[in-house]
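One-letter residues, chain by chain:
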Amino acid sequence: MKKNAIVKAVFIGAMLSNGVFSYAQMNTDTEKGWMSLFDGKTLNGWKSVGGKAPYSVEGDAIVGRMTKGTPNSFLITDKEYGDFILELDVKLEGDQTNSGIQTRSHLDPTANGGLGRVYGRQVEIDPTSRSWTGGIYDEARRSWLYPLDLNENAKKAYKQEEYNHIRIEAIGDELRTWVNDIPVSYVVDTIDRSGFIGLQVHSIPEKLDGKKVYFKNIKIQTSNLKSRAFPRDIYIVNLKPNDVVASEKKNGVKLLFDGKSSNGWRSVNGAKFRKRVGK
């Protein structure tokens with residue numbers, strides 16, 4: 001090893017031993033464009049809402065403890081985010097319940113007796129036999145948007161009792177997910193252009209009291225976003241009325257109705273057939 005490299009290594013080691021570099025600083029310095037949402041030591045920048053399940057820091061992870069007799073609990077960011085790429089590692093004890101990661105979500109502060117109710121799109125963490133990890137659920141609003149019956153091959157992505165790497169891209173109207181680098185869900189939706197990020201501890205039956213959910217290596221990009229390639233054969237749920245996104249066009253999808261006129265159509269029963277606005 002060259003002399004200047006040895007000096008640099010000794011200097012960095014000394015700085016680390018003295019606590020000069022924080023976890024977040026190391027992430028920012030070594031991974032250009034990424035920001036850590038968890039400093040590795042505290043819950044600064046987060047707050048608990050919706051239920052009474054406690055969150056704490058254990059080792060290098062945020063840990064939520066499942067608690068009987070309380071509704072869904074969430075640890076949410078103080079800050080709201082619009083377009084972003086989020087990556088984190090998640091582990092859930094057992095295979096009898098689920099968890100999730102809220103994206104661009106919101107809070108009704110008056111619900112649940114003042115504890116608040118979180119609503120918005122959630123990326124599912126599902127170790128049960130259903131195996132819908134990476135699917136997209138609209139928490140406390142529209143229910144399932146992307147169940148994994150739409151992508152059977154992705155059901156094998158999740159590894160029970162291990163940390164699983166989750167990637168979420170929320171760019172424009174598009175929300176896409178990966179689990180352990182396996183592409184899972186693709187939703188196009190116009191609702192919620194910004195909101196907070198949240199970590200869920202689900203409500204549970206008494207027998208699961210004390211089980212834990214672990215979240216670590218939580219990092220986000222909010223600028224110069226570069227989408228990862230997504231396979232063409234994965235089904236896209238497009239909730240935008242009378243719209244086809246670029247990925248659908250590449251797959252040969254075309255609109256038969258433009259939402260405005262009867263262009264491309266003809267009546268076989270006379271002139272009385274016409275588009276009725278709002279119907």
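Above: the structure in question.
Residues numbered from 1 in each chain as written. Predicted model: local features only at pLDDT ≥ 70, side-chain atom pairs only at ≥ 80, totals over all residues. Heavy atoms only, no water.

Here the focus is the environment of Thr 42. Position of Thr 42 relative to the elements: it lies in the loop between β1 (35-36) and β2 (46-49). With a relative accessible area of 27%, Thr 42 lands in the partly exposed category. Between the C-alpha atom of Thr 42 and that of Val 57, which follows or precedes it by 15 residues, the distance is 6.4 Å. Polar contacts involving the side chain of Thr 42 include one to the side chain of Asp 39, which spans 2.7 Å. In terms of polar contacts, Thr 42 uses its side chain to reach the side chain of Asn 44, at 3.0 Å. (Helix = DSSP H or I, 4+ residues; strand = E, 2+ residues; numbered from the N terminus. Buried < 20%, exposed > 50% of the residue type's maximum accessible area, 1.4 Å probe, protein only. Polar contact = N/O pair within 3.5 Å; in protein donor to acceptor, adjacent residues only side chain to side chain.)

Bringing the pairing of strand β5 (residues 73-77) into the picture now. For β5, the buried fraction is high: 5 of the 5 residues fall into the buried class. With 4 bridges connecting them, β2 and β5 associate as antiparallel partners. Its bridge partner lying in β5, Ser 48 is registered against Leu 75. (Pairing = 2+ DSSP bridges.)

In this structure the tally under the stated criterion is 20 salt bridges. Of the charged contacts, one joins Glu 87 and Arg 167 as a salt bridge, the two residues approaching to 2.6 Å between their closest N and O atoms. With Glu 87 in strand β6 (residues 84-92) and Arg 167 in strand β11 (residues 164-171), this pair connects stretches of sequence that are 80 residues apart. A single burial state applies to Glu 87 and to Arg 167, both of which are buried. Where Lys 240 meets Asp 173, a salt bridge forms, and the shortest distance between an N and an O atom there is 3.1 Å. Note that Lys 240 is positioned in the loop between β16 (237-238) and α3 (246-250) and Asp 173 in the loop between β11 and β12 (174-179), a separation of 67 residues in sequence. A cluster of three or more residues bridged by salt bridges with shared partners is formed by Glu 87, Arg 167, Glu 169, Arg 176, Asp 181 and Arg 228. (Salt bridge = Lys/Arg side-chain N within 4 Å of Asp/Glu carboxyl O.)

A word on the packing of aromatic side chains. Evaluated as defined, the whole model comprises 5 aromatic pairs. With a centroid separation of 5.1 Å and 65° between ring planes, the pair formed by Tyr 137 and Trp 144 is classed as edge-to-face. Among the residues examined, Trp 144 registers a relative accessible area of 24% and is labelled partly exposed. An angle of 85° between the planes, with centres 5.3 Å apart, marks the rings of Tyr 186 and Phe 230 as edge-to-face. With Tyr 186 in strand β13 (residues 182-188) and Phe 230 in the loop between β15 (212-221) and β16, this residue pair connects regions lying 44 residues apart in the sequence. In this structure Tyr 186 comes out as buried when scored by relative accessible area, which is 2%. A relative accessible area of 14% places Phe 230 in the buried class. Here the aromatic residues Trp 132, Tyr 137 and Trp 144 are joined through ring pairs into a cluster of three or more. Taking NZ or CZ as reference, Lys 91 lies 4.8 Å from the ring centre of Tyr 214, over its face. Sitting over the face of the ring of Tyr 163, Lys 216 holds its NZ or CZ atom 4.1 Å from the ring centroid. (Phe/Tyr/Trp six-rings, centres within 6.5 Å; stacked < 30°, edge-to-face > 60°. Lys NZ or Arg CZ within 6 Å of the ring centre and 35° of its normal.)

With that settled, the discussion passes to the sheet that holds strand β10 (residues 143-146). Taking strand neighbours across the sheet as the criterion, the 7 strands line up as β2-β5-β14-β7-β8-β9-β10 in an open arrangement whose pairing is antiparallel. Because the sheet does not close on itself, it has two edges, and the strands there are β2 and β10. Sheet twist, expressed as the average angle between the axes of neighbouring strands with direction ignored, equals 30°. Bridge analysis of strand β9 (residues 136-139) against β10 gives 3 bridges, and the strand direction is antiparallel. Residue pairing in the sheet places Ile 136 in a bridge with Tyr 146 of β10. (Axes fitted to C-alpha atoms, helices over the stretch in contact; angles between N-to-C directions.)

This part covers the environment of Lys 52. Its place among the elements puts Lys 52 in the loop between β2 and β3 (55-58). A residue is classified by how much of its surface remains accessible, and Lys 52, at 62% relative accessible area, is exposed. On a C-alpha basis, the gap between Lys 52 and Ser 203 in space is 9.7 Å, while along the polypeptide they are 151 residues apart. Residues contacting Lys 52, with those up to four places away along its chain left out, are Thr 67, Thr 70, Ser 73 and Leu 115. (Contact = heavy atoms within 4.5 Å.)

This part covers the nonpolar core. If you look at soluble globular proteins, the nonpolar side chains tend to sit buried side by side. Membership of the largest hydrophobic core comes to 49 residues, with the highest contact counts inside it found for Ile 62, Leu 86, Leu 88, Ile 101, Ile 166 and Ile 218. Broken down by secondary-structure element, the contributors of at least two residues to this core are β6, β8 (117-125), β10, β11, β12, β13, β14 (196-201) and β15. Considering each element in turn, this core owes the most residues, 5 residues, to β6. Not counting residues up to four positions away in its chain, the partners in contact with Leu 86 are Leu 37, Ile 101, Ile 166, Arg 167, Ile 168, Ile 197, Ile 218, Lys 219 and Ile 220. By size, the runner-up hydrophobic cluster in this structure holds 5 residues, among which are Val 49, Phe 74, Ile 76 and Val 118. (Core = buried A, V, L, I, M, F, W, Y, C linked by side-chain atoms within 4.5 Å.)

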